[in-house]
Amino acid sequence: MNNLSSRHLKGRLLLAAGVIAVSISLLSLVALLLDSLLDGLPYLNWGFLTSYPSRFPDQAGILPALFGTIWVVGLTALFSFPLGIFAALYLEEYAPKNWLTDLIHLNIANLAGVPSIVYGLLGLGLFVEALAIGRVILAGALTMTLLILPVIIITARESIRSVPKEYREGAFALGATRWQVASQIVLPEAFPGILTGTILALSRAIGEAAPMIAIAALAYVRFTPTSPFDRFTVIPIQIYNWINMPRVEFRELAAAGIIVLLVVLLVMNSVAIFIRNKYQKRGVS
Amino acid sequence: MKNRAGEKKRAQKIRESLIEKALFASAALSVLTTLGILGIFLFEAFGFFKEVSIIEFLTGTLWTPLFEPKHFGILPLVAGTLMVTIISIAVAVPIGLLTAIFLSEYASDRLRRLVKPVLEVLAGIPTVVYGYFALTYVTPILQQMFPQMIVFNALSAGLVMGIMIIPMVSSLSEDAMVAVPNSLREGAYALGSQKHEVALKIVLPSALSGIIASIILAISRAVGETMIVSIAAGSTPKLTLNPLESIQTMTGYITQISLGEAPFGSIEYNTIFAVGLTLFVMVVIINTLGNWLTKKYWRSY
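Residues numbered from 1 in each chain as written. Chains lettered and ligands numbered in written order. Predicted model: local features only at pLDDT ≥ 70, side-chain atom pairs only at ≥ 80, totals over all residues.

A. Geometry of the overall build of chain A. Of the regular secondary structure elements, chain A holds 11 helices and zero strands. Counting helices and strands in the order they occur from the N terminus, chain A gives α-α-α-α-α-α-α-α-α-α-α. Here the C-alpha radius of gyration of chain A, 24 Å, is well above what a compact globule of 285 residues would show, namely 19 Å. Here the C-alpha coordinates of chain A stretch approximately 75 × 70 × 35 Å along the principal axes. (Helix = DSSP H or I, 4+ residues; strand = E, 2+ residues; numbered from the N terminus. Rg over C-alpha atoms; globule rule 2.2 N^0.38 Å.)

B. Geometry of the overall build of chain B. Counting its secondary structure elements, chain B contains 12 helices and zero strands. N-terminal to C-terminal, the α/β element order of chain B is α-α-α-α-α-α-α-α-α-α-α-α. Against the globule reference of 19 Å for 301 residues, chain B gives a C-alpha radius of gyration of 25 Å, more extended than a compact globule. Taken along the three principal axes of its C-alpha coordinates, chain B extends 75 × 75 × 35 Å. For chain B, buried positions account for 48% of its 301 residues. Taking as baseline every contact in chain B between residues at least 6 positions apart, the subset at least 24 positions apart corresponds to 74%. (Buried ≥ 20, exposed ≤ 12 C-beta atoms within 10 Å, placed from the backbone. Contact = placed C-beta atoms within 7 Å.)

C. Focus on the domain arrangement of chain A. Taken as a whole, chain A is organised into domain 1 (4-43) and domain 2 (47-284). Between domain 1 of chain A and domain 2 of chain A, the contact holds six residues from the first and eight residues from the second. (Domains from an automatic or database assignment.)

D. Main features of the nonpolar core. Judged by nonpolar contacts, the single largest core of 180 residues is most densely connected at Tyr-132, Ala-134, Ala-157, Val-160, Val-169, Ile-228 and Ala-232 of chain B. The biggest single contributor to this core is helix H3 (residues 75-106) of chain B, with 17 residues. Each of two domains, domain 1 (4-43) and domain 2 (47-284) of chain A, supplies a minimum of three residues to this core. Beyond its immediate chain neighbours, meaning those up to four positions away, Val-169 of chain B contacts Ala-92, Val-93, Gly-96, Leu-97, Ser-214, Ile-215 and Ala-218 of chain B. (Core = buried A, V, L, I, M, F, W, Y, C linked by C-beta atoms within 7 Å.)

E. View of the packing of helix H9 (residues 208-224) of chain B against helix H12 (residues 267-296) of chain B. Residues and elements named next belong to chain B. Close contact between H9 and H12 brings their axes to 9 Å; oriented N to C, the two are set at 175°. Classified by the angle their axes make, H9 and H12 are roughly antiparallel. Only Leu-279, Met-282, Val-283, Ile-286, Asn-287, Leu-289, Gly-290, Leu-293 and Thr-294 of H12 make contact with H9, whose side of the interface consists of Ser-209, Ile-212, Ala-213, Ile-216, Leu-217, Ile-219, Ser-220, Val-223 and Gly-224. Along the lines of polarity and charge, the residues of the contact of H9 with H12 split into 12 nonpolar, six polar and no charged. (Axes fitted to C-alpha atoms, helices over the stretch in contact; angles between N-to-C directions. Parallel < 35°, antiparallel > 145°, perpendicular 65-115°, else oblique. Nonpolar A, V, L, I, M, F, W, Y, C, P; charged D, E, K, R; others polar.)

F. Layout of the packing of helix H5 (residues 127-145) of chain B against helix H6 (residues 154-178) of chain B. All names here are of chain B. It is at 9 Å that the axes of H5 and H6 come closest, and there the two elements cross at 130°. The angle between H5 and H6 falls in the class oblique. In terms of crossing hand, the pair formed by H5 and H6 is right-handed. Two secondary-structure elements touch here, H5 through Thr-127, Tyr-130, Phe-133, Ala-134, Val-138, Thr-139 and Leu-142 and H6 through Leu-155, Ser-156, Ala-157, Leu-159, Val-160 and Met-164. Here the contact of H5 with H6 is composed, by residue class, of 10 nonpolar, three polar and no charged. (Left-handed = near helix turned anticlockwise from the far one by under 90°.)

G. Expanded view of the environment of Leu-15 of chain A. Checked against the element boundaries, Leu-15 of chain A lands in helix H1 (residues 4-40). Taking the C-alpha atoms as reference points, Leu-15 of chain A and Leu-91 of chain A, separated by 76 residues in sequence, lie 44 Å from one another.

H. Structural context of unusual backbone geometry. Non-glycine residue Ala-132 of chain A carries a positive phi angle of around 55°. Mapped onto the elements of the fold, Ala-132 of chain A is located in the loop between helix H5 (116-130) and helix H6 (137-161).

I. Layout of the interface of chain B and chain A. The interface of chain B with chain A comprises 66 residues on the first partner and 66 residues on the second. Considering each element in turn, the side of chain B that touches chain A owes the most residues, 19 residues, to helix H1 (residues 2-51) of chain B. Of the residues contributing to the side of chain B that touches chain A, the split by class is 40 nonpolar, 21 polar and five charged.

J. Geometry of the confidence of the model for chain B. Residues and elements named next belong to chain B. On average, chain B scores 89 in pLDDT, and the residues at 70 or more come to 98%. By mean pLDDT, the top-scoring element of chain B is H3 (95), and the lowest-scoring one is H1 (86). Both scores are given for the predicted complex: the pTM is 0.90, the ipTM 0.90. (pLDDT = per-residue confidence, 0-100.)

K. Focus on the environment of Thr-271 of chain B. Residues and elements named next belong to chain B. Turning to its location among the elements, Thr-271 is positioned in helix H12. Separated by 145 residues in sequence, Thr-271 and Pro-126 have C-alpha atoms that sit 27 Å apart. Once residues within four sequence positions are removed from consideration, Thr-271 is found in contact with Phe-48, Pro-65 and Ile-257.

L. Spotlight on the environment of Gly-265 of chain B. Residue and element names in this part refer to chain B. Summarising the element assignment, Gly-265 is placed in the loop between helix H11 (250-259) and H12. Judged by C-beta crowding, with 10 C-beta atoms within 10 Å, Gly-265 ranks as exposed. For the pair formed by Gly-265 and Ser-220, sequence separation is 45 residues and the distance between their alpha carbons is 30 Å.

M. Representation of H11 of chain B. All names here are of chain B. The element H11 is extensively covered by neighbouring structure, given that eight of its 10 residues are classed as buried. When H11 is considered as a whole, its buried residues turn out to be Met-250, Thr-251, Gly-252, Tyr-253, Ile-254, Thr-255, Ile-257 and Ser-258. Following H11 by one or two positions, Glu-261 adopts a phi angle in the positive range, close to 50°.

Here it is in structure tokens:
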């Protein structure tokens, strides 16, 4: 150790570096939000939300993409929520300790780290081509389900694990079957946590552009989809589409689309946090 | 009477076992997903490797599948991916680690409760938004610094991707640092260490396995990131070391071809699966390496 004042100086340098590092993140976030807000706000009005894409920037809107996103996310929720709960219940309440269970554990953890574009190609090869569903909403939702399922299972397992063991033992002692314990004791206790995790996973799905591009490509959708077998586009693809157009007005439309996307995400995250806070207090006792 | 009770019990038993099978099927779906990825990718890539030799694919230095003369060497795409990844890691690791040290060793509870949600927001923003930010905000600033730089370039995409993965490095590393027991810190203080010495010489090495895991995860995320590079890095596959040039990554190529709806069975269609398979294998190797390193350096307290 050299003299004391140089050690003090090093300490101050580390603290300063830490403050700078945190500030970079904060300032980046502010710049990112302001960049989109300032570019997009002039285009954001009721007409933008209720119009179809157009060659003329001031008439273009996001309606088909908005509907596409609602369809895809709605179906994804319908598929992934029960599947995620079932898988998590099996792994926590039923699974025997053997190689197959270990394989499933390892596999789910690894799947959560696979890039989303790989899921897009899986969906393209499996649902669109092999099963001949076509480049339609259903194929998009099935792909999205596979993409977010690992995340839902992981968070659902954590909620299930946090249910005290005594609850289960009490019910078993009264003669309840495994399914009765799982469905009537464990699930109600773990439900808010599972719901929060699912909403957060779905909000990730809403923002995903890459896998949806693999499925839907650059469909020029001039109608609002009315069935799962319609072709579609989603908000992130529409934004990407506008960014790629040469005229600067379309970039500003992209920014308006970004604002819509961020507002949707903000609402979903607020709901998730609300559910978490509401039920957390009760869980403490 | 006894018979009816027995029947009821038997029915319940059947129901229980059916339910268990259904639950098991849901859990096994994940394994099927992996097999599906492997099966589909190998099948489609097989069509590709019938026409192009694996040697040419893995060692060729020209990637021109869309125009004559066609060349199918993936190295330019791999090089583009690596360049953007290196830039983003060079941004995210120092900033993320300093953030983690600051939050776990220096910040007050109140400040931590303020900063962490902001980082979570940063992690939750869709990548297409980061792409827009790179193209319309960061690139013009960089162009003022490097006037010869063109609009689509690796540097801008890499920098913004780095910002995107800061939260991944910082939150996992911070978790690892917070888990270091206070007795270690107190021991060091008792020997006359100062705060920064405790942070850098005690906490950092003790949390090493978590820190390595976070960096590996960040690398794997950067390699697979798609929208930022599709928007801001350009679409010219090229072997270059100059980050100011337009390049193309593996993910960027997949997006470019996907947008055009290449017909099933065409060579373009098969290329995206060959490139996707390469990407998948790379990510699996990185993740496995991460798990192995984490285990190797794992210390439990």
